[in-house]
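In case you want the letters, here they are:
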Amino acid sequence: MGCLGNLIWFLFGGVWQGLSWTLAGVLWCVTIIGIPIGLQCFKFASLAFFPFGKEIQYGGGMVSTLANLAWLIISGIPLALAAVANGALLCCTIVGIPFGLQCFKIAKLALMPFGAEIV
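Residues numbered from 1 in each chain as written. Predicted model: local features only at pLDDT ≥ 70, side-chain atom pairs only at ≥ 80, totals over all residues. Heavy atoms only, no water.

Caption draft 1: Fine view of the overall build of the protein. In terms of helices and strands, the protein carries four helices and two strands. Start at the N end of the protein and walk to the C end: the helices and strands fall as α-α-β-α-α-β. Taken over C-alpha atoms, the radius of gyration comes to 14 Å for the protein, in line with the 14 Å a tight globule of 119 residues would show. Principal axes of the C-alpha set define a box for the protein whose edges measure 40 × 25 × 25 Å. Counting every position in the protein, which comprises 119 residues, the buried fraction comes to 41%. Excluding contacts between residues fewer than 6 apart, the proportion of contacts in the protein whose partners are at least 24 apart in sequence is 73%. By element, 80% of the accessible surface of the protein is carried by carbon and sulfur atoms, the whole surface being about 6700 Å². (Helix = DSSP H or I, 4+ residues; strand = E, 2+ residues; numbered from the N terminus. Rg over C-alpha atoms; globule rule 2.2 N^0.38 Å. Buried < 20%, exposed > 50% of the residue type's maximum accessible area, 1.4 Å probe, protein only. Contact = heavy atoms within 4.5 Å. Areas by Shrake-Rupley, 256 points an atom, 1.4 Å probe, with all protein chains shown as cover.)

Below, the structure written as structure tokens:
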């Protein structure tokens with residue numbers, strides 16, 4: 001389901017989630033201090049565009065925790081709420097359940113993106 005799932009995902013919602021991550025990355029890159037956070041957003045935008053066949057491993061230390069707190073206050077909550085709302089709508093149908101689960105995976109990532117890596 002990887003290739004077909006990614007194509008359907010991109011056409012029916014993934015493009016908006018990927019663009020929202022890209023916009024967050026651009027806004028973070030406006031400041032010099034926010035560039036590392038913006039680069040992380042661009043990396044996760046690729047996951048938001050094509051999530052099937054990819055997993056996320058969480059880890060990190062104190063620096064990741066501090067970056068997650070700043071991220072959560074500024075950008076994380078709106079991205080997570082949008083992904084949860086999209087996932088809830090997709091889970092209303094049986095066909096949309098796999099796509100809704102991908103939305104929930106992206107919502108969790110939107111809350112704690114630092115210290116996470118795509119596998």
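Caption draft 2: Region of interest: the nonpolar core. Formed by 26 residues in total, the largest nonpolar core has its most connected members in Trp-9, Trp-21, Cys-41, Trp-71, Leu-79, Ile-106 and Leu-109. At the level of secondary structure, the elements contributing two or more residues to this core comprise helix 1 (2-29), helix 2 (35-49), helix 3 (62-90) and helix 4 (97-111). (Core = buried A, V, L, I, M, F, W, Y, C linked by side-chain atoms within 4.5 Å.)

Caption draft 3: Broad picture of a nonpolar patch on the surface. Nonpolar side chains collect at one region of the surface, where Leu-4, Leu-7, Ile-8, Leu-11 and Phe-12 lie side by side and expose about 530 Å² of accessible area between them. Within the secondary structure, Ile-8 sits in helix 1. (Patch = residues over 30% accessible without salt bridge, like charges linked within 9 Å, V, L, I, M, F, W, Y side chains within 5 Å. Salt bridge = Lys/Arg side-chain N within 4 Å of Asp/Glu carboxyl O.)

Caption draft 4: Quick peek at the environment of Phe-12. Within the secondary structure, Phe-12 sits in helix 1. For Phe-12, a relative accessible area of 64% translates into the label exposed. Placed 78 residues apart in sequence, Phe-12 and Leu-90 show a C-alpha to C-alpha distance of 9.9 Å.

Caption draft 5: Up close: the environment of Val-119. Within the secondary structure, Val-119 sits in the segment after strand 2 (116-118). Take Val-119: its relative accessible area is 52%, and that puts it in the exposed class. The spacing of Val-119 and Ile-56 is 63 residues in sequence and 5.9 Å in space, taken between C-alpha atoms. The contacts of Val-119, once residues within four sequence positions are left out, are Gly-53, Lys-54, Glu-55 and Gln-57.

Caption draft 6: Main features of the confidence of the model for the protein. Confidence along the protein averages 89 in pLDDT terms, with 99% of residues attaining 70 or more. Taken element by element, the predicted model of the protein shows its lowest mean pLDDT in strand 2 (85) and its highest in helix 4 (92). (pLDDT = per-residue confidence, 0-100.)

Caption draft 7: Structural view of helix 1. Over its 28 residues, helix 1 runs only 31 Å from end to end, short of the ideal 40 Å by more than 12%, given 1.5 Å per residue. The sharpest bend along helix 1 measures roughly 70 degrees and falls at Gly-13. Among all positions in helix 1, only Gly-5, Asn-6, Trp-9, Gly-13, Gly-14, Gln-17, Gly-18, Trp-21, Ala-24, Gly-25 and Trp-28 are buried. Those residues of helix 1 hidden inside the fold are in contact with helix 2, helix 3 and helix 4. (Expected span 1.5 Å × (residues − 1). Bend = angle between axes of the 7 residues up to and from the residue.)

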